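The lines below spell out each chain.
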Amino acid sequence: MAVLGSIGLRLWGPALALSQSLRAFSTTHGAAAAVSAEQLAEKLRAQKREEQKQEEPKNPVLRRVRELSELSKQLQRVHPNVLAKELKHRILYQNEELVVIDKPYGLPVHGGPGIQNCITDVLPILAKMLDGMKAEPLHLCHRLDKETTGVMVLARDKDTAHRIQCLFKTRQVEKKYWTISVGLPVPSEGLVDIPIVEKEVESHQSHYKMTLAPNYRISPENGKMVKVRRNRDAHSAATRYRILASSPSCSLLELQPITGVKHQLRVHLAYGLGCPILGDHKYTHWSKLAPQKLPENTLMRLGLEQAKVRHLPLHLHAHQLTLPTGTCGDKELHLVCRPPRFFRNTLKRLKLEIPESLEK
């Protein structure tokens, strides 16, 4: 037993030393690996920062466009509570019946494929932020397109919402939009009264667009106006317009839609007046989906190359809504919203000055 014990000790001693050496090596190797991994991670982070720095557009217009794009993406990624809080910061007016917000660019009103956040989804949260946990969800009174900014009216209860919606349907709400158009409409103010219909555009990339469905055409025989058969799918559409400011190739317009047809303002400007909205890549061309083609003078003032025009946002802003007397008191309610920063920056670059009488 003593012999076996001494042999065991002789065998155990080197094994113990080997084990300790292995542990020491493992610890040293692990530390080295950790340091190496940390250095690698920092190197990758530095490389990413450098790439982002190189990709950052030098042109202030493109920088602002990128900020807009990132903002739109962030609004889609944030928690609904965060989005509701952002809308709360954008409240223009509120009373016991209405809440009026400044709708941000790129935020859809309704949900759909690929949309994670929209205004409708966060209305219950916004109501609770304003009136406590037992508050009834806010209700939409009308809608704005995803790319349109400006005045949006919400109601605190269903009855008020229904009443305001009826005012919109019966054309008792006066709506005024501001937009920057490519080109100057002739005459400088007037009424576009041309029905609108949705049609499929057959091209290499088939798609649907709203377009004009005129009630009259010019006769090729004598050049006179001839009434044509009305398209049964067409919707009556009328838009008043006037120039507020102009430069050689662009103008600031005030638009007053009398009717409320889908994409009415965009279609009437592009196809009725031949002056599409700046950044409207869908309605600049009829037969294709392609970036808007801008005049050289406009490109120069914006500091853009034609290849970068596709990044320009739609410049359409819901500037003012006027609710009739009796809606919320014994006086008309004028709801006004200043254009967003990107809109004002474009005005400045194009040397389009808002008349002092309209500045708020």
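Residues numbered from 1 in each chain as written. Predicted model: local features only at pLDDT ≥ 70, side-chain atom pairs only at ≥ 80, totals over all residues. Heavy atoms only, no water.

(A) Representation of the overall build of the protein in the model. Scanning the protein for helices and strands turns up 8 helices and 14 strands. Residue burial in the protein is summarised as follows: out of 360 residues, 42% are buried. Once local pairs closer than 6 in sequence are excluded, the contacts in the protein between residues at least 24 apart make up 63%. Counting every atom, the protein has about 20,900 Å² of accessible surface; 53% of that belongs to carbon and sulfur. (Helix = DSSP H or I, 4+ residues; strand = E, 2+ residues; numbered from the N terminus. Buried < 20%, exposed > 50% of the residue type's maximum accessible area, 1.4 Å probe, protein only. Contact = heavy atoms within 4.5 Å. Areas by Shrake-Rupley, 256 points an atom, 1.4 Å probe, with all protein chains shown as cover.)

(B) Spotlight on the nonpolar core. Ranked by internal contacts, the top residues of the largest apolar core, which has 40 residues, are Ile119, Met152, Leu154 and Leu255. Sorting the residues of this core by element identifies α3 (80-89), β2 (98-103), α4 (119-131), β4 (149-155), β8 (207-212), β12 (250-257), α6 (264-272) and β13 (316-323) as the ones contributing at least two each. Among the elements that make up this core, the one with the highest residue count is α4 (5 residues). Not counting residues within four places of it along the chain, the set of residues in contact with Leu154 comprises Glu97, Leu98, Val99, Ile101, Leu123, Leu126, Leu138, His139, Leu140 and Cys141. Leu62, Val182, Ala245 and Leu278 belong to the second largest nonpolar core, which has 23 residues in total. (Core = buried A, V, L, I, M, F, W, Y, C linked by side-chain atoms within 4.5 Å.)

(C) Representation of the pattern of salt bridges in the model. Summed over all chains, the structure comprises 8 salt bridges. With its nearest N and O atoms 2.8 Å apart, the salt bridge here joins Glu254 to Arg242. You can see Glu254 sitting in strand β12 and its partner Arg242 sitting in strand β11 (residues 238-246), a full 12 residues away along the chain. The buried category is assigned to Glu254, whose relative accessible area is 8%. Taking relative accessible area as the criterion, Arg242 reaches 33% and is therefore assigned partly exposed. Within this structure, Glu86, Arg90 and Asp102 form a network of salt bridges that share partners. (Salt bridge = Lys/Arg side-chain N within 4 Å of Asp/Glu carboxyl O.)

(D) Quick peek at α6. Burial within α6 is extensive, with 7 of its 9 residues counted as buried. All buried positions along α6 are accounted for by Gln264, Leu265, Arg266, Val267, His268, Leu269 and Ala270.

(E) Expanded view of the environment of Val228. Note that Val228 resides in the loop between β10 (225-227) and β11. Judged by its relative accessible area of 25%, Val228 falls in the partly exposed class. Separated by 11 residues in the primary sequence, Val228 and Arg217 have C-alpha atoms spaced 6.9 Å apart. Here Val228 is in contact with Pro214, Asn215, Tyr216 and Arg217, once residues within four sequence places are set aside.

(F) Broad picture of the packing of aromatic side chains. The final tally for this structure, using the stated rule, is 3 aromatic pairs. Ring plane angle 70° and centroid distance 5.5 Å describe the contact between Tyr105 and Phe342, whose orientation is recorded as edge-to-face. Within this pair, whereas Tyr105 is found in the loop between β2 and α4, its partner Phe342 is found in helix α8 (residues 341-349), the two being separated by 237 residues in sequence. Like Phe342, Tyr105 is buried. Ring geometry for Tyr271 versus Trp286: centroids 6.1 Å apart, planes at 80°, classification edge-to-face. Taken together, the residues span a long stretch of sequence, with Tyr271 in helix α6 and Trp286 in the loop between α6 and α7 (296-302) at a distance of 15 residues. Three or more aromatic residues link up through ring pairs in this structure, and these residues are Tyr271, Tyr283 and Trp286. (Phe/Tyr/Trp six-rings, centres within 6.5 Å; stacked < 30°, edge-to-face > 60°.)

(G) Representation of the confidence of the model for the protein in the model. This prediction gives the protein a mean pLDDT of 85; 85% of its residues lie at or above 70. Between residues 1-19, whose pLDDT stays under 50, and residues either more than four places distant or in other chains, the model counts 0 contacts. (pLDDT = per-residue confidence, 0-100.)

(H) Representation of the environment of Ser247 in the model. Structurally, Ser247 can be placed in the loop between β11 and β12. Sequence separation of Ser247 and Gly183 is 64 residues, and the distance between their C-alpha atoms is 8.8 Å. When sequence neighbours within four positions are dropped, the list of residues in contact with Ser247 reads Leu184, Arg301, Leu350 and Leu352.

(I) Main features of the layout of surface pockets. Empty space within the largest pocket amounts to approximately 1,000 Å³. Together, 37 residues line the largest pocket, and Arg143, Leu144, Asp145, Gly260 and Lys262 are the ones closest to its centre. Of all the secondary structure elements, the ones that give two or more residues to the lining of the largest pocket are α2 (60-77), α5 (158-169), β5 (174-182), α6 and β13. Residue classes in the lining of the largest pocket are distributed as 16 nonpolar, 12 polar and 9 charged. Two domains share the lining of the largest pocket, each providing at least three of its residues, namely domain 1 (81-170) and domain 2 (172-216 + 227-354). (1 Å grid on protein atoms, 1.4 Å probe; cavity = no way out; pocket = protein on both sides within 12 Å on 5 of 7 lines; lining within 4 Å. Points joined across faces, edges and corners; volume = space filled by probe spheres on them. Nonpolar A, V, L, I, M, F, W, Y, C, P; charged D, E, K, R; others polar. Domains from an automatic or database assignment.)

(J) Just the packing of α3 against α4, in detail. Interhelical geometry of α3 versus α4 gives an angle of 70° and a closest axis separation of 8 Å. As summarised for this structure, α3 and α4 are arranged roughly perpendicular, according to the angle between their axes. As for how α3 packs across α4, the hand of that crossing is right-handed. Residues Pro80, Asn81, Leu83, Ala84, Lys85, Leu87 and Lys88 of α3 pack against Ile119, Val122, Ile125, Leu126, Met129 and Leu130 of α4. Class assignment for the residues of the contact of α3 with α4 results in 10 nonpolar, 1 polar and 2 charged. (Axes fitted to C-alpha atoms, helices over the stretch in contact; angles between N-to-C directions. Parallel < 35°, antiparallel > 145°, perpendicular 65-115°, else oblique. Left-handed = near helix turned anticlockwise from the far one by under 90°.)

(K) Spotlight on α3. Taken residue by residue, α3 has Leu83, Ala84 and Leu87 as its buried positions. All buried residues of α3 project into a common sector of 100° when viewed along the axis, lining one side. (Arc of directions from axis to C-beta.)

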